[in-house]
Amino acid sequence: MRIHSSEAIILRSLDYGEADRIVSFLTPDHGRLKGFARAARKSRKRFGPALEPFAQVCLYWSPPRSGEMVSLKEADLLDLRTGLRRDLTAIALAGYGCELVEELLGELPGQPQVFEVLRAYLDHLATQGTMQEARMLLELRLLALAGYDPHLLHCSACGGGFSGDRAVFAVERGGSLCLDCAGAGEGLSVSVLTLGTMARCLRSPATLFAGFRFGEQTLHEGGALLSQALGPHLGRPLKSLQFLKEILSG
Ligand SMILES: [Zn+2]
C-alpha cells in the first residue's frame, strides 16, 4: 500500500475508544485531512506527543479504504510549540486560528499559502506572546486567501475616496461606504484611519506577525469590522471563539 507523507499542522485531536485518536490536520499540498491513529495513546514510539493540537509534524499515512479518514502510520515531531502551551490566552488564540482555518478554508484542496500563514501565526504565539493584533492579521489574511476580502479604502457603492474622518462598514454591501452612500443607521461606524490600517496590513507580507501595534480604537473598530466580515462565511458559530471571549473577559 502506498504511504503518503507531508509536513502538517495538527488542528484538532480527539481521543477515541481505549487508545485510538482522531486528528484533523492541515498540509500544504493536500489541504485539510482527517486521520485515524490506531493505538496512538499506547504507542509512544510511533506517535509520541506529535498528535497534540498546534504541533508542527511530519505525518505518514495510507489513503482511506472508504470514507474520508486516512490511516495514520507514524509521526515525527518537528515543533511542539511549548511556548504557547504555558499561556491560556495563547492556547485560546491558537485554537481559534486552527478552527477558523478549518471552517473558512478546510474544504479547499492544498493551499501552501494558508499553511504558511497558520504556521507563522502559531510560531508568533509561541515565541512573542499573545496579541490581539496577531488575531486581526490572521483574520484579514485568511479572508483575502479565501477571496472574501472587503473593500476598505474606497466606498464600495460610489467608488469614491473618503473625505472626512469617518466612514461606514457594511459587509452586505461589499465593505466600506462613504457617509453619502450609507443609509441611516446602516452598518458599523468606523474611523477612516482604522480602514487604512486594515488595508496596510493586507499589503504587508502574509507571514509577518511581529512588530504590529494598534491603538485602542483600531483594535476595537477593526475587531468589530472583521467579525462582521467573517460572519457570512462561517457555517456555524466557532466553539473556540466562545472560549477565547471567555478568556479575554477574564
Ligand atoms: Zn459612496
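A quick note: this is a predicted structure, and the numbers were derived from the prediction, not measured.

**Brief notes about the overall build of the chain**
Point 1. When helices and strands are counted, the chain shows seven helices and eight strands.
Point 2. Taking 2.2 N^0.38 as the reference for a compact globule, 250 residues should give roughly 18 Å; the C-alpha atoms of the chain span a radius of gyration of 20 Å, in line with that estimate.
Point 3. Viewed in the frame of its principal axes, the chain has a C-alpha envelope of about 65 × 35 × 30 Å.
Point 4. Summarising the internal contacts of the chain: among those between residues at least 6 apart in sequence, 61% fall at separations of at least 24.

**Concerning helix H4 (residues 132–145)**
Point 1. Across its 14 residues, H4 extends 20 Å between first and last C-alpha, which sits within 8% of the 20 Å expected from 1.5 Å per residue.
Point 2. When we look at burial in H4, the residues that qualify are Ala-134, Arg-135, Met-136, Leu-137, Leu-138, Glu-139, Leu-140, Arg-141 and Leu-142.
Point 3. Summarising the contacts, the buried residues of H4 are in contact with helix H2 (88–105), helix H3 (112–128), helix H5 (192–203) and helix H6 (216–230).
Point 4. Once H4 finishes, Gly-147 follows within two positions and takes phi at roughly 85°, a positive value.

**Some details on the nonpolar core**
Point 1. With 68 residues, the main nonpolar core has Ile-10 and Val-101 as its most contacted residues.
Point 2. Both domain 1 (4–80) and domain 2 (83–150 + 188–248) contribute no fewer than three residues apiece to this core.

**Considerations on the sheet that holds strand S7 (residues 175–177)**
Point 1. Reading across from one edge, S7-S6-S8 is the order of the three strands in this open sheet, with antiparallel pairing throughout. At either margin of the open sheet sits one strand with a lone partner, and together these are S7 and strand S8 (188–191). On average, each strand axis in the sheet is inclined to that of its neighbour by 40°, with strand direction left out of account.
Point 2. Relative to S8, H5 is tilted by about 75°, and along the sheet it contacts strand S6 (166–170), S7 and S8.

**Some points on the confidence of the model for the chain**
Point 1. Confidence in the prediction of the chain, expressed as mean pLDDT, is 93, and 100% of residues score 70 or more.
Point 2. Predicted confidence in the chain is weakest over helix H7 (residues 239–248), with a mean pLDDT of 93, and strongest over strand S4 (residues 56–62), with 97.

**Observations regarding the pairing of strand S5 (residues 69–79)**
Point 1. Where strand S3 (residues 31–37) and S5 come together, three bridges link them in parallel fashion. Paired with Phe-36 across the two strands is Ser-71, which belongs to S5.
Point 2. Where S4 hands over to S5, the hairpin turn is made up of six residues, of which Gly-67 adopts a positive phi near 70°.

**Quick notes on unusual backbone geometry**
Point 1. In this structure, Ala-39 takes a positive phi of about 60° despite not being glycine.
Point 2. At Arg-81, a position not held by glycine, the phi torsion is positive, near 55°.
Point 3. Mapped onto the fold, Arg-81 is located in the loop between S5 and helix H1 (82–85).

**Topic: the environment of Arg-85**
Point 1. In this structure, Arg-85 sits in helix H1.
Point 2. A count of 16 C-beta atoms within 10 Å places Arg-85 in the partly exposed class.
Point 3. Spatially, the C-alpha atoms of Arg-85 and Ser-71 are 27 Å apart, while their sequence positions differ by 14 residues.

**So, the sheet that holds S3**
Point 1. With mixed pairing, the five strands of this closed barrel are ordered in space as S1-S2-S3-S5-S4. Pairs of neighbouring strands in the sheet enclose a mean axial angle of 50°, with direction left out of account.
Point 2. On the sheet, H2 packs against strand S1 (4–16), strand S2 (20–27) and S3 and is oriented at approximately 110° with respect to S1.

About the cut-offs
- Each chain has its residues counted from 1, following the order in which its sequence is written.
- Restriction of local features to residues with pLDDT of at least 70 applies here, the model being predicted, together with a cutoff of 80 or more for giving and counting side-chain atom pairs; totals for whole chains, interfaces and linings are based on all residues.
- Numbering of helices and strands runs from the N terminus; a helix is a DSSP stretch of H or I covering at least four residues, while a strand is a stretch of E covering at least two.
- For the radius of gyration, the atom set is restricted to C-alpha positions; the globular benchmark scales as 2.2 Å times the number of residues to the power 0.38.
- What counts as a contact here is a pair of residues whose C-beta atoms, placed from the backbone, lie within 7 Å.
- Any helix carries an expected span of 1.5 Å times its number of residues minus one.
- Exposure is read from a count of other C-beta atoms within 10 Å of each residue's own; the residue is exposed at 12 or fewer, buried at 20 or more and partly exposed in between. C-beta atoms are placed from the backbone.
- By convention the nonpolar core is taken to be a set of buried residues drawn from Ala, Val, Leu, Ile, Met, Phe, Trp, Tyr and Cys and joined through C-beta atoms within 7 Å.
- Marked domain ranges trace back to an automatic or database domain assignment.
- Criterion used throughout: strands pair if DSSP finds at least two bridges between them.
- For every element, the axis is a line fit to its C-alpha atoms; helices are fit only across the contacting stretch, and the angle between N-to-C directions ranges from 0 to 180 degrees.
- The predictor attaches a confidence to each residue, and that confidence, scored 0 to 100, is pLDDT.

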